[in-house]
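Notes for the structure review
Single-letter residue listing:
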Amino acid sequence: PRSDCVMAEQLCLSDSTCNATYRILENCALAKTRLLPLDHDSRVRCLNAEFDLGNSSLLHCKCHRRMKRQEHCLRVFWTVHSSVTDGYFNLETSPYENPANEEHWKTDYNKLAALVSGKICSQLAGDATNPCLKETHVCNLSKKCVRLRTDYASICTRGAGSEDVCDQRKCHKGLRNFFEKVPEDFTKRILFCPCQDEFCGERRRKTIVPDCSFQSNTKPNCLELLDSCLEDHICKSRLADFQQNCQPTDMSPDGCSLHNYAACLQAYMGMIGTPMTPNYVSNSSVEVSLWCTCESSGNQKEKCDQILGMFENNKCL
């Protein structure tokens, strides 16, 4: 398996040649973050430094969503891949390694699901008409699931019904915490539960507390949303992962380049809790979107439509 970028950085810093090259790339990445224009010689120096790492474990390292020091790992990844982010919406490489399949998560879920559907929880009869409510009850039987779900719900609903405005940044962090630390078998079922009526659809749409985490009084331009995402290592990484795993194409019969819908759904879930948090557009639809608009985009309209279209018209989703 590929080494994670934190370990790879430690190995590099212990070698004088690699260390010197890495320091050059750090300055290149810092200039890019601060939107400082690089002259021709500086750009060449940055590209040469990245080329010099060709045989280094740094250039091939990856990160994991559930790892400790994730943000540090992602910072290292984008330091050595800074040239990948040239231009709008052009993140070709995901920093995330495909996760191993954790079978014990499914076992835990199936035991709890049996409790909900069995006689022990017969008071919940009627859940059959609202699958999203049933999945919430299953979550409530898991200590970790209910604790982290309660944590983000309390953060994201503060200020509701009053003049106070919710703290969207803290709300996003709570959502990421839930989707990263609770086994995916729980979170996927809560987020993608099938609905036949609007009451169920409302439950599903409110999973991520849209009043705080998703929408605001006015819709920003999607290019502004993208800019704020690219300034954040986690958001930029999740967007790269989403682009890689949910890349639509007209060349394939199913319209999806990788044909891996599970990986696409996982990448979609990774966007929740970032500045580019998506959600269902209504209680009666499975269509999703970003909370942004492409009006007044000027000569950037095509790029803006592409960003919005990755969520609204993506056949992989």
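Calculation rules
- Residues numbered from 1 in each chain as written.
- Predicted model: local features only at pLDDT ≥ 70, side-chain atom pairs only at ≥ 80, totals over all residues.
- Heavy atoms only, no water.
- Helix = DSSP H or I, 4+ residues; strand = E, 2+ residues; numbered from the N terminus.
- Buried < 20%, exposed > 50% of the residue type's maximum accessible area, 1.4 Å probe, protein only.
- Contact = heavy atoms within 4.5 Å.
- Areas by Shrake-Rupley, 256 points an atom, 1.4 Å probe, with all protein chains shown as cover.
- Polar contact = N/O pair within 3.5 Å; in protein donor to acceptor, adjacent residues only side chain to side chain.
- Salt bridge = Lys/Arg side-chain N within 4 Å of Asp/Glu carboxyl O.

1. Some words on the overall build of the chain
In terms of helices and strands, the chain carries 15 helices and two strands. Within the chain, the proportion of its 317 residues that are buried is 45%. For the chain, the share of sequence-separated contacts (at least 6 apart) that also reach a separation of at least 24 residues comes to 70%. When the accessible surface of the chain is split by element, carbon and sulfur atoms take 51% of a total near 17100 Å².

2. Topic: the environment of Cys-195
Examined against the element boundaries, Cys-195 turns out to sit in the loop between helix H9 (184–191) and helix H10 (198–205). The sequence separation of Cys-195 and Asn-130 amounts to 65 residues, and the corresponding C-alpha distance is 6.9 Å. Leaving out residues up to four positions away in the same chain, Cys-195 has contacts with Cys-132, Cys-200, Gly-201 and Arg-204.

3. Comments concerning the side chain of Ser-289
For Ser-289, the location among the structural elements is in strand E2 (residues 288–290). A distance of 2.8 Å separates the side chain of Ser-289 from the side chain of Glu-312, its partner in a polar contact. Beyond its immediate chain neighbours, meaning those up to four positions away, Ser-289 contacts Phe-214, Pro-278, Asn-279, Val-281, Leu-308, Phe-311 and Glu-312.

4. Some remarks on the pattern of salt bridges
One pass over the full model with this rule turns up nine salt bridges. A salt bridge links Glu-180 to Arg-238, with the shortest nitrogen-to-oxygen separation between them at 2.5 Å. Of this pair, Glu-180 sits in helix H8 (residues 168–181) while Arg-238 sits in helix H13 (residues 233–245); the two residues are 58 residues apart in sequence, bridging distant segments of the chain. Residue classification places Arg-238 among the buried residues on the basis of a relative accessible area of 2%. Residue Asp-305 pairs with Lys-301 through a salt bridge whose shortest N-O separation is 2.8 Å. Here the residue Asp-305 and the residue Lys-301 both occupy positions in helix H15 (residues 301–312), the gap between them amounting to four residues, near one helical turn. By relative accessible area, Asp-305 is classed as partly exposed at 34%. Assessed through its relative accessible area of 38%, Lys-301 is described here as partly exposed. Linked by salt bridges that have partners in common, Glu-9, Arg-23, Glu-26 and Arg-75 make up one network.

Any functional reading would require information beyond the geometric quantities listed.
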